[in-house]
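Given next are the chains, with one letter for each unit.
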Amino acid sequence: MVDTTASLAPGHLDELRRACGEVITPDDPRYDEARALWNAVHDRRPAVIVRPTTAAKVATAVAFAREHDLEIVVKSGGHSATGLKGADGCLVVDLSEMRGVEVDPRTRIAKSNGGALLGELDVAAQAHGLVCPTGVVGHTGVAGLTLGGGVGRLQRNFGLTIDNLAAVEIVTADGRLVRATETDEPELFWGLRGAGWNFGIATAFEFRLQPFGPDLHRGVLAFPATQVQEVWTLFRDYAPIAPDTVSVIFAIDRAGADAGYPDDLVGKPITYLAFNHSGSVDDVERDTAGLRLGPKPMTTTIGSVPFLEVQTAHDLAFAWGRSRSFIKSHNANDLRREALDELVELVATAPGEGSFSVTALGGAIGRVPEDATAFAGRASAFDVSADSGWTDPKLDEANADWCRRALGVVEPDRALGAYANGNSDVGPEESRRIYGDAKLARLAALKREWDPENVFHVNPNVAPGAYDE
């Protein structure tokens, strides 16, 4: 094993410990656990892992890394699809000792520390009958999800996570602690909402909360894949007129063995529609009636579940450090008929648990002006995504290639924008797909102001000057 701390003099790490607190290096028995990432595809070996407890100590860690020419990587929840939270030979600023969420029910504001997890925010808000629209796995970091936009089950009703963001505090590359809001550093606040990893380390957030709960009303209608064209047409026509309270997904998957499907269909492609209704239970049947105007489903599952239970339902399926995952996505406004048939064939032969899904955007997401945030594609109708999960390391490349090929099928249908958190690939062209040319130019100018040396580049990066008009 290579000692990646060899370039540091003996007293340097002691100095860092005195200034920052917990420091973990490769000779520490806790190192393997501390360097682990959610996505087991990535086996990174950082030089130093620092666990600060305050924003001031985060700033000290940044200064130390820069002084010793160590690449800086930030880890809030470690859920990055790209595995960028622990690059080899870097200094990891691990925010896991900066957890905690406080809610003021009078102002409906949640204050979240930089290392908090979505489950903490969900529980703290629901204790007062409130909610912030977040993601779908409880052990995801609040910071990473938010800085990329924040997509989940409630966004058509309440907007993206960033649309409910009131303030962010970051430590900048030069060690300053800066608070950004609509009125304080508004241009920085614009960039933080969708491309936030590029400008500093987020140490605190304030979110506006909405009344909601305790139940979420849910349904799944499954069909044989031979009806994919009819089901897609049903979904495509319903999505634009769906009430804001309804989030809906169209998907192509393989029938599971324990999901109540006929034996001769298990393991073969199916298509389904899944919805979440965040309004009154009395309105569910009326609001989702449009989903029942097509072919008769093979199976139908509808019911109400406590929101907190829904939010943690996938936590075990996406267990920490055991999941191997790849995802690729972009926006679209429609899909060609031939693309759907090709996707069914691809799902049938996927090397892992490959699936293709289309999430309806619109609603509150689309009512925010396109230029209001760095998040791109507000007017796009759908987010289309190919993803796969597997356990055998030998299938890593095969599954990544499958996701790329599946998304390539719908490349001609691409519209503006791609969800940064829903892409495992990174690089200049990926950043262009995510933000589009106009926003990349604005982001590059902002990057030149706040991080001209591109200190924070281990992310879906916008390099200063790289996208000049």
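Each remark here, short or long, concerns the structure printed above.
Residues numbered from 1 in each chain as written. Predicted model: local features only at pLDDT ≥ 70, side-chain atom pairs only at ≥ 80, totals over all residues. Heavy atoms only, no water.

Draft legend 1. Structural detail: the packing of helix α11 (residues 337–348) against helix α12 (residues 396–409). Where α11 contacts α12, the two axes come as close as 9 Å, and the packing angle between them is 165°. Taken together, α11 and α12 sit at an angle that is classed as roughly antiparallel. Once α11 is placed against α12, the crossing between them reads as left-handed. In contact with A339, E342, L343, L346 and V347 of α11, α12 contributes W402, R405, A406 and V409. Of the residues contributing to the contact of α11 with α12, the split by class is 7 nonpolar, no polar and 2 charged. (Axes fitted to C-alpha atoms, helices over the stretch in contact; angles between N-to-C directions. Helix = DSSP H or I, 4+ residues; strand = E, 2+ residues; numbered from the N terminus. Parallel < 35°, antiparallel > 145°, perpendicular 65-115°, else oblique. Left-handed = near helix turned anticlockwise from the far one by under 90°. Contact = heavy atoms within 4.5 Å. Nonpolar A, V, L, I, M, F, W, Y, C, P; charged D, E, K, R; others polar.)

Draft legend 2. How the structure looks around the sheet that holds strand β13 (residues 246–254). An order of β15-β12-β14-β13-β17-β18-β16-β19 is seen for the 8 strands of this open sheet, with the pairing classed as antiparallel. A single partner strand is all that each edge strand has here, and the edge strands are β15 (299–306) and β19 (414–415). One ladder, built from 2 bridges, connects strand β16 (residues 324–332) with β19; its direction is antiparallel. Along β19, the bridge assignment pairs N331 with A415. Lying on the sheet, helix α8 (residues 228–238) is in contact with β12 (215–224), β13, β14 (269–277), β17 (355–360) and β18 (382–390); it crosses β13 at an angle near 165°. (Pairing = 2+ DSSP bridges.)

Draft legend 3. The packing of aromatic side chains, seen in detail. Enumeration according to the criterion identifies 8 aromatic pairs in this entry. Both rings, one in W232 and one in F235, keep their centres 5.4 Å apart while their planes meet at 40°; by these two values the pair is tilted. Of this pair, W232 and F235 both sit in helix α8, separated by 3 residues, roughly a single helical turn. Accessibility classification places W232 together with F235 in one group, the buried group. (Phe/Tyr/Trp six-rings, centres within 6.5 Å; stacked < 30°, edge-to-face > 60°. Buried < 20%, exposed > 50% of the residue type's maximum accessible area, 1.4 Å probe, protein only.)

Draft legend 4. Looking closely at the packing of α8 against α11. Taken N-terminus to C-terminus, the directions of α8 and α11 make an angle of 125°; their axes are 10 Å apart at the nearest point. Taken together, α8 and α11 sit at an angle that is classed as oblique. The two elements α8 and α11 cross, and the hand of that crossing is right-handed. In contact with V228, Q229 and W232 of α8, α11 contributes R337, L340, D341 and V344.

Draft legend 5. Quick look at the sheet that holds strand β1 (residues 22–24). With mixed pairing, 4 strands are arranged side by side in an open sheet as β1-β2-β4-β3. The sheet is open, and its two borders are formed by β1 and β3 (72–75), each paired with just one other strand. If you compare each strand with its neighbour and ignore which way they point, the axes differ by 20° on average. Note that β3 and strand β4 (residues 91–94) share 4 bridges and pair parallel. By the bridge assignment for β4, I72 is matched with L91. Across the sheet, helix α3 (residues 55–67) is in contact with β2 (48–51), β3 and β4; its angle to β4 comes to roughly 175°.

Draft legend 6. Molecular detail of the pairing of β17. Of all 6 residues that make up β17, 5 are buried, and the element is covered over most of its length. Here 4 bridges tie β13 to β17, and the two strands are oriented antiparallel to one another. In the sheet register, I249 faces β17, and the bridge partner there is T359. In terms of strand pairing, β17 meets β18 through 6 bridges, oriented antiparallel. Bridged to V358 within β18 is V384.

Draft legend 7. Main features of α3. Taking 1.5 Å per residue as the helical rise, α3 with its 13 residues ought to reach 18 Å, and the 18 Å between its terminal C-alpha atoms agrees with that figure. The positive-phi residue at the C-terminal boundary of α3 is D69, with phi of around 55°. (Expected span 1.5 Å × (residues − 1).)

Draft legend 8. Summary view of empty space enclosed by the protein. Applying the stated criterion to the full structure yields 3 cavities of 30 Å³ or more. Quantified by volume, the second largest cavity comes out at close to 50 Å³. Taken together, V151, G152, Q155, R156, S247, T359, A360, L361 and I365 make up the full set of residues lining the second largest cavity. Among the secondary structure elements, those contributing two or more residues to the lining of the second largest cavity are α6 (155–158) and β17. (1 Å grid on protein atoms, 1.4 Å probe; cavity = no way out; pocket = protein on both sides within 12 Å on 5 of 7 lines; lining within 4 Å. Points joined across faces, edges and corners; volume = space filled by probe spheres on them.)

Draft legend 9. Structural view of the nonpolar core. With 47 residues, the main nonpolar core has F199, F205, F207 and Y435 as its most contacted residues. Only β5 (101–104), α4 (118–126), α5 (142–147), β8 (165–171), β9 (177–180), α7 (186–195), β10 (201–208) and α13 (428–450) provide two or more residues apiece to this core. The element that contributes the greatest number of residues to this core is α13, accounting for 7 residues. With near-sequence residues (within four places) excluded, F207 lies in contact with R108, I109, A110, S112, L121, C132, V142, T146, T161, N164, L165 and A166. V231, F235, I252 and A339 belong to the second-largest nonpolar core, a separate cluster that totals 43 residues. (Core = buried A, V, L, I, M, F, W, Y, C linked by side-chain atoms within 4.5 Å.)

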